[in-house]
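Commentary on secondary and tertiary structure
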Amino acid sequence: MSLRRFLLALAIVAVWGSNFAIIKIALAHFTPLWLATWRFALVLLPAVFFIRRPAVSWGNLAAYGVLIGVGQFGLIYWAMQGHISPGLASLVVQTQVFFTIALAMRTTGERMQRYQWAGLLLAASGIVVIVLHTDGSTTPLGLAVVLLAALSWAGGNTASRQAGQVNMLAYVVWSSLFAVPPLLVLAWAFEGSAALMTTLHSADLGSWAAVLWQAWGNSLFGYAMWAWLLARHPAATISPLALLVPVFGMGTSAWWLGEPLPAWKLAAAGLVMLGLVVNLLWPRLRPARTLA
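Nothing here was measured: the structure is a model prediction, and the numbers come from that model.

Moving on to the overall build of the protein. A tally of regular secondary structure across the protein gives 13 helices and 0 strands. The order of helices and strands in the protein, counted from the N terminus, is α-α-α-α-α-α-α-α-α-α-α-α-α. Once the C-alpha set of the protein is aligned to its principal axes, its extents read approximately 70 × 45 × 30 Å. For the protein, with 292 residues in total, the buried portion stands at 53%. Across the protein, contacts joining residues at least 24 apart in sequence account for 91% of those joining residues at least 6 apart. The average position of the 15 basic charges and that of the 5 acidic charges among the side chains of the protein differ by 22 Å.

Here it is in structure tokens:
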């Protein structure tokens, strides 16, 4: 991967990581499913009237829209409403890395190299350290739901790679056409119209800004660019970068929301970073060692 694409990926994971604190802010005034509905409605509109539909099948667009809109974010929002803390949610959902690689190995025949396994094991050990030090601010149900969200994210990654090299901004916008209707039905069925009216009357400018950040920062920028990278690089190279999301997630949650950031969290973040360094730099260091 070139330095420019690496910096793009780093910017994406920084946006995604900080977003967990922003989600928590939005959930103070929005119920989870209505929040997800508003988010993807603002991804879809008005952009769908100005961006041509990408040259992919309706089935592929539908798969990505449902997996990301309903499966990933609908579930994460629900879990974060009292079932898991923002920092821990930013961590657990990164198991999508392993789900994505497993799906890629199954569907495309990709095989991981030994240095990639070493990098993933180092990063995974950092995640284990964090999990072992959780403070009871989560529930087994919350963990299970976020793991299911991670699996849905991995499925969305697979769908976007199958779409190939298309206009990924258009892909994200048009796939939202299939995210909004099921989210709207689920929000209406499980949270009701009263929750919608309460939100419309009580949400302040900060909460609406958080919704816009979900739509424009995370979806239109983050997911479009992430899908663009996945279409050009093996999943085993791109997906481990998402392990940086909990670093940004825990940092911004500590800064904005006052979540504790003890030494063990910093040590775990160091392991994650070391795993990423091995995964990204070893292929460049190995030829140099051979020449030496």
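Turning our eyes to something else, we now look at a nonpolar patch on the surface. The grouping of Ile25, Trp255, Trp256 and Leu257 at the surface amounts to a nonpolar patch, some 440 Å² of accessible area in total. Per-element tally for the nonpolar patch: the top contributor is helix H12 (residues 245-257), with 3 residues. Along the chain, the position of leucine 257 falls in helix H12.

We now examine the packing of helix H1 (residues 3-26) against helix H3 (residues 58-80). Look at H1 against H3: their axes get within 10 Å of each other, and the N-to-C directions meet at 65°. Seen from above, H1 lies across H3 with right-handed handedness. Contacts between H1 and H3 involve Phe20, Ile23 and Lys24 from the former and Ile76, Tyr77 and Met80 from the latter. Here the contact of H1 with H3 is built from residues that sort into 5 nonpolar, no polar and 1 charged.

Take helix H10 (residues 205-230) next. Here H10 contains 26 residues, and its C-alpha end-to-end distance of 35 Å stays within 8% of the 38 Å for a straight helix at 1.5 Å per residue. Its maximal kink placed at asparagine 218, H10 deviates by approximately 30°.

Here H1 contains 24 residues, and its C-alpha end-to-end distance of 34 Å stays within 8% of the 34 Å for a straight helix at 1.5 Å per residue. A maximum bend of about 35° is found in H1 at phenylalanine 20.

Now for the side chain of serine 160. As for its position among the elements, serine 160 is in helix H7 (residues 140-163). Here serine 160 falls in the buried class, since its relative accessible area comes to 1%. Of note is the side chain of serine 160, whose polar atom sits 2.8 Å from the backbone oxygen of asparagine 157. The residues contacting serine 160, other than those within four sequence positions of it, are Tyr64, Met168, Tyr171, Ala227 and Leu230.

With that settled, the discussion passes to the packing of H1 against H10. Running from amino to carboxyl end, H1 crosses H10 at an angle of 150°, the nearest separation of the two axes being 9 Å. Here H1 is positioned roughly antiparallel relative to H10, judged by the angle of their axes. For the pair H1 and H10, the sense of crossing is left-handed. Of the residues that constitute the contact of H1 with H10, the class distribution is 19 nonpolar, 6 polar and 1 charged.

To continue, consider the packing of aromatic side chains. Counted under the stated rule, the structure contains 11 aromatic pairs. Between tryptophan 58 and phenylalanine 178 the ring centres are 5.9 Å apart and the planes differ by 65°, which places this aromatic pair in the edge-to-face class. Placement of the pair is tryptophan 58 in helix H3 and phenylalanine 178 in helix H8 (residues 168-190), with a sequence separation of 120 residues. The residue whose ring lies beneath arginine 39 is phenylalanine 73, and the NZ or CZ to ring-centre distance is 3.7 Å.

Parameters and conventions
Residues numbered from 1 in each chain as written. Predicted model: local features only at pLDDT ≥ 70, side-chain atom pairs only at ≥ 80, totals over all residues. Heavy atoms only, no water. Helix = DSSP H or I, 4+ residues; strand = E, 2+ residues; numbered from the N terminus. Buried < 20%, exposed > 50% of the residue type's maximum accessible area, 1.4 Å probe, protein only. Contact = heavy atoms within 4.5 Å. Lys, Arg positive; Asp, Glu negative; His and termini not counted. Charge placed at Lys NZ, Arg CZ, Asp CG, Glu CD. Patch = residues over 30% accessible without salt bridge, like charges linked within 9 Å, V, L, I, M, F, W, Y side chains within 5 Å. Areas by Shrake-Rupley, 256 points an atom, 1.4 Å probe, with all protein chains shown as cover. Salt bridge = Lys/Arg side-chain N within 4 Å of Asp/Glu carboxyl O. Axes fitted to C-alpha atoms, helices over the stretch in contact; angles between N-to-C directions. Left-handed = near helix turned anticlockwise from the far one by under 90°. Nonpolar A, V, L, I, M, F, W, Y, C, P; charged D, E, K, R; others polar. Expected span 1.5 Å × (residues − 1). Bend = angle between axes of the 7 residues up to and from the residue. Polar contact = N/O pair within 3.5 Å; in protein donor to acceptor, adjacent residues only side chain to side chain. Parallel < 35°, antiparallel > 145°, perpendicular 65-115°, else oblique. Phe/Tyr/Trp six-rings, centres within 6.5 Å; stacked < 30°, edge-to-face > 60°. Lys NZ or Arg CZ within 6 Å of the ring centre and 35° of its normal.

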